[in-house]
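The chain contents come next:
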Amino acid sequence: MTMKVRLATIALALGGAIAAPAAAAEGCEGVQNANSAKLSIQVAGVRSAKGEVAVTVYPDDKRRFLAKGGKLARVRTKALLVTHTCFWVAPGSYAVAVYHDANGDRDFNRTLVGLPAEGFGFSNNPETKVGLPPLSAARFNVGSAERVLSIQLRYLR
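Residues numbered from 1 in each chain as written. Predicted model: local features only at pLDDT ≥ 70, side-chain atom pairs only at ≥ 80, totals over all residues. Heavy atoms only, no water.

A. Main features of the sheet that holds strand β8 (residues 147-152). Read across the sheet, three strands follow the order β4-β1-β8 without closing on themselves; strand pairing throughout is mixed. Because the sheet does not close on itself, it has two edges, and the strands there are β4 (83-89) and β8. Neighbour to neighbour, the strand axes of the sheet diverge by 20° on average, direction disregarded. Examined bridge by bridge, strand β1 (residues 37-44) and β4 share seven bridges and lie antiparallel to one another. Its bridge partner lying in β4, K38 is registered against W88. (Pairing = 2+ DSSP bridges. Helix = DSSP H or I, 4+ residues; strand = E, 2+ residues; numbered from the N terminus. Axes fitted to C-alpha atoms, helices over the stretch in contact; angles between N-to-C directions.)

Here it is as structure tokens:
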């Protein structure tokens, strides 16, 4: 039995005296509280419903953006042609990177010459003709209200 199911069962048994966390009810990553805002992300242009889509949120820190271990939070969800996910975050500045892990190996695969072999995208949908975008091109702000982002995946092959 999962923790969410156990909490819901206890809450029902006690007549609602204990409720499951709001984040669990929303299905969003992170914890909802008085100091958090909902960050909703829609990923469009997913080429197929195979594998999963990885959505990663980074803090506004150029040393951590796209760096191994630099993420603030990540959600991996079943790939759909339009994939939705959400996070609870504190108001502030962030950047998001997304990729379609079509083969489900939990790795961003590249071709022999180092080009992306899977679909990818970033917040603000910056142009990425050569190399990765800088943090400044993907940075966005979250206030106290819900922030909705639409990210368009790109496939190079």
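Once the structure has been displayed, the description carries forward.
B. Here's a closer look at the pattern of salt bridges. For the structure shown, the criterion picks out four salt bridges. Of the charged contacts in the structure, one is a salt bridge between E52 and R76, with a shortest N-O distance of 3.7 Å. Residue E52 is found in strand β2 (residues 52-59), and its partner R76 is found in strand β3 (residues 73-78); the two are separated by 24 residues along the sequence. Accessibility expressed as a relative area gives 13% for E52, which makes it buried. Overall, R76 belongs to the partly exposed group, its relative accessible area being 26%. For R63, the salt bridge identified is with D61, shortest N-O distance 3.2 Å. Classification of R63 by relative accessible area gives exposed; the value is 68%. Residue classification places D61 among the buried residues on the basis of a relative accessible area of 19%. (Salt bridge = Lys/Arg side-chain N within 4 Å of Asp/Glu carboxyl O. Buried < 20%, exposed > 50% of the residue type's maximum accessible area, 1.4 Å probe, protein only.)

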